[in-house]
Structures are given as C-alpha cells and as structure tokens.
Amino acid sequence: MKAAARAFWLRSPGEGEIREAPLAAPGADEVLVRSLYSGVSRGTETLVFRGQVPESQHAAMRAPFQEGDFPGPVKYGYLSVGVVEEGPPALKGRTVFCLYPHQTRYVVPASAVTVVPDDVPARRAVLAGTVETAVNALWDAAPLVGDRIAVVGGGMVGSSVAALLARFPGARVQLVDADPARAETAEALGVGFASPADALGDCDLVVHASATEQGLARSLELLSAEGTVLELSWYGDREVSLPLGEAFHSRRLVIRSSQVGTVSPARGNRSYGDRLALALKLLADPALDALITGESAFEELPAVMPGLASGEIPALCHLVRYGKSA
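Residues numbered from 1 in each chain as written. Predicted model: local features only at pLDDT ≥ 70, side-chain atom pairs only at ≥ 80, totals over all residues. Heavy atoms only, no water.

*Asks:* I keep staring at the packing of helix H2 (residues 128-141) against helix H6 (residues 272-282) and nothing clicks. Help me out?
*Replies:* Two numbers describe a pair of packed helices, the interaxial angle and the distance between the axes. Running from N to C, H2 and H6 cross one another at 110 degrees; their axes reach a closest spacing of 8 Å. Put simply, H2 runs roughly perpendicular to H6. H6 is crossed by H2, and the crossing has right-handed handedness. Taken together, the residues of H6 that come into contact with H2 (itself represented by Ala128, Val131, Glu132, Val135, Asn136 and Trp139) are Tyr272, Arg275, Leu276, Leu278, Ala279, Leu280 and Leu282. Split by residue class, the contact of H2 with H6 holds ten nonpolar, one polar and two charged. (Axes fitted to C-alpha atoms, helices over the stretch in contact; angles between N-to-C directions. Helix = DSSP H or I, 4+ residues; strand = E, 2+ residues; numbered from the N terminus. Parallel < 35°, antiparallel > 145°, perpendicular 65-115°, else oblique. Left-handed = near helix turned anticlockwise from the far one by under 90°. Contact = heavy atoms within 4.5 Å. Nonpolar A, V, L, I, M, F, W, Y, C, P; charged D, E, K, R; others polar.)

Listed below in structure tokens is the structure:
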C-alpha cells in the first residue's frame, strides 16, 4: 500500500468533506496518476450534490470510478486531468484525462486514461468530458450546411455545443440564455447571442440545454415546420410539462433525446475512446477557455460546492487545482 491520497466525498445531500483514500501500488496494466486539475460539472454534479438523482436512475447515473451510492455518502465526479507517475513506459510522464472523481492521486487501468494532446493545456483538458457530450449531441443532431440553429441554455454543455457549431459551414448559430452575462461567452465562442424573448426563430434545429421547462417550450416555438429539438437537459427527479397542443402536430415538430452514456447510433463505427480522443483534439481551440469561469483549490471544495449547487457562485466549469505535493 502506498501513502493514502485524499478525495472529496458527498457525505449527505448538501454536505461535502475530504477523506483519506487508500492507494494501492499500480499493477502491470495500471497507472498511478497525480492530479493536476479536475472540473465540476454544474449540471449533473450539482444535482448529485443536492441529492436529486431519482432512485430509478441510480444505476444509470453511476460515474465510472464512483464509490458509494446515491444519495450519499458518495465519491462522484468525472473530469480529471493529471500526470502519470507510474505505469507503462508509453504513458509515464504524460498528461492524461480520466473520468475520475476529485482526488489527489489515483490508480486506474491504463486503458482508462487518454493522453492529452501536446497543444491542449492541462487546465483546458478538464472540459473533455463536456465537449465529448457536445460531440455526441451533434452526431445525433446531424446539422446540415447552412442550417439555422439555436442553442437554448448557455451553461457548460450548451456553450460547448455552440462552440463546435461555430465552426460549422454557413450555419446561423445563436446562443440563447436568460442571463445577459452569457453574451460575453457567446462572443468569445464566435456565435450570436439573444435573450429568449429576442431569439431568432424559423430554426431547422434547436439544441436545448437549459434544464428548464420554460426553455424547452421556447425551443419548440423557435422551430420552423418539421424542425427538431435535440434535448440535452437532464431534470433529475423533476417533472416537466410541455405545450404539445396548438401547432405541435400540424407543424410536425420533433423532440429527440441525446445522452452521452451511449455513442450515437449515427456513428456506430466509433468507440467511446474514439469519441473522447476527438473531444480532446477539438480542445486545441483556445476559445474554449471561455467555459472555465471559476477556480479554487482542492482543499476548498467542501466550502465551494454548496455555493456552486445553489448558484451563489456563478460558473460554467469550475476548475479545481491540486498542489504539486497532492
């Protein structure tokens, strides 16, 4: 057994703590990773922190290296970047991304880490899991050249989708959010911005990521006839009401779900590893730095997480940094 690491745990809904974590020596096909940064996903992770994962979704919502069970105590998280300290020669000393919770050091199978490209800074690489969600969403949505597209909800996932769509040839892309501060994010990503009331309509595609029923209803209103809403929001244990009367049927509108847990059937020839490697490659774009809007030390997480969960601390992706002696 090596010296213990330290990990962030949700003790009970709304209360976090740092615990010691046993750390075994890595085996032949394993790596020991020293964390540099991790990221807090404001959507899913704060739902977990508030204890709002429905019992029916406990199995589906498990993170790859989660310990404990919902609603707690549970060690949860999936945006970790670190340096391989021990492992196969091809990985030793390399910066890697792993779907691991917030922990100072950890041992995982070598197959569970993905090397971060040399042109992607380690702190930006924590966005890989969210950009991977955006990649899967666009595989599901299959936008066409010249499409009129709105992304409703300028959080971490919605902004990641908008960032990828900004590169799409001839597309009219608008980020729609009730928070006027998201205009700055949209500008940094190279897309238009509008409040829900002022958003451009007649859209071929609307990607919804606001996690509100008002946002989903507005998404339907923004569609052209036979347009599609791609639903990326996850509502936890909340019920959602929708206006499916009026012109919903006569305009032949479509609502389609997308979820990163399965590789899009539209790209059935791609693996999870292929998708994550593509997400990391796309992170070479420095514009994506706009998605990291808060930062704190690992030791501060028990005090920071309640503020992130309540919205008192505004952030898209909140960066957690680890000391050299972590």
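*Asks:* Can you walk me through the packing of H2 against helix H3 (residues 156-165) in this structure?
*Replies:* Contact pair H2 / H3: the axes reach a minimum separation of 8 Å and the direction vectors enclose 60 degrees. Here H3 runs oblique to H2, going by the angle between their axes. As H2 runs across H3, the sense of the crossing is right-handed. Side by side, H2 and H3 meet where Thr130, Val131, Thr133, Ala134, Val135 and Leu138 of the first sit next to Met156, Val157, Ser160, Val161, Leu164 and Leu165 of the second. Residues that form the contact of H2 with H3 fall into these classes: nine nonpolar, three polar and no charged.

*Asks:* Honestly, the packing of aromatic side chains in this entry has me stumped. Any pointers?
*Replies:* When we look at a pair of aromatic rings, we describe it by the centre distance and by the angle of the planes. Inspection of the entire model under this criterion finds five aromatic pairs. Ring geometry for Tyr100 against Tyr106: centres 4.0 Å apart, planes inclined by 10 degrees, an arrangement best described as stacked. Exposure class is identical for Tyr100 and Tyr106. Each is buried. By the ring-pair criterion, three or more aromatic residues cluster together here, those being Phe65, Tyr100 and Tyr106. A cation over an aromatic ring shows up here: Arg19 above the ring of Trp9, its NZ or CZ 4.5 Å from the ring centre. (Phe/Tyr/Trp six-rings, centres within 6.5 Å; stacked < 30°, edge-to-face > 60°. Buried < 20%, exposed > 50% of the residue type's maximum accessible area, 1.4 Å probe, protein only. Lys NZ or Arg CZ within 6 Å of the ring centre and 35° of its normal.)

*Asks:* Please explain helix H5 (residues 213-221) as it appears in this structure.
*Replies:* Helical periodicity: at 3.6 residues per turn, an α-helix aligns residues three or four positions apart in one direction. For H5, the complete set of buried residues consists of Gly215, Leu216, Ala217, Ser219 and Leu220. Contacts from the buried residues of H5 go to strand S10 (148-152), strand S13 (203-208), strand S14 (223-231) and strand S15 (254-257).

*Asks:* What's the story with the side chain of Lys75 in this structure? I'm lost.
*Replies:* In this fold, Lys75 is placed in strand S5 (residues 74-75). Of the polar contacts made by the side chain of Lys75, one reaches the side chain of Gln103; its length is 2.6 Å. (Polar contact = N/O pair within 3.5 Å; in protein donor to acceptor, adjacent residues only side chain to side chain.)

*Asks:* What should I look at first to understand the sheet that holds S14 in this one?
*Replies:* Strand pairing within a sheet occurs via backbone hydrogen bonds; the two strands may be parallel or antiparallel. Strand order in the open sheet formed by six strands is S12-S11-S10-S13-S14-S15, and the pairing between neighbours is parallel. Edge positions in the sheet fall to strand S12 (192-194) and S15, since each of these pairs with one other strand and no more. Across the sheet, the mean angle from the axis of one strand to that of its neighbour is 25 degrees, orientation sign disregarded. Two strands pair when backbone bridges link them, and S13 and S14 are joined in this way by five bridges, in the parallel orientation. Bridge pairing in S14 links Leu205 to Thr228. Its contacts with the sheet place H2 against S13, S14 and S15, and it is angled at close to 145 degrees to S14. With respect to the sheet, H5 is in contact with S10, S13, S14 and S15, its orientation differing from that of S14 by roughly 150 degrees. (Pairing = 2+ DSSP bridges.)

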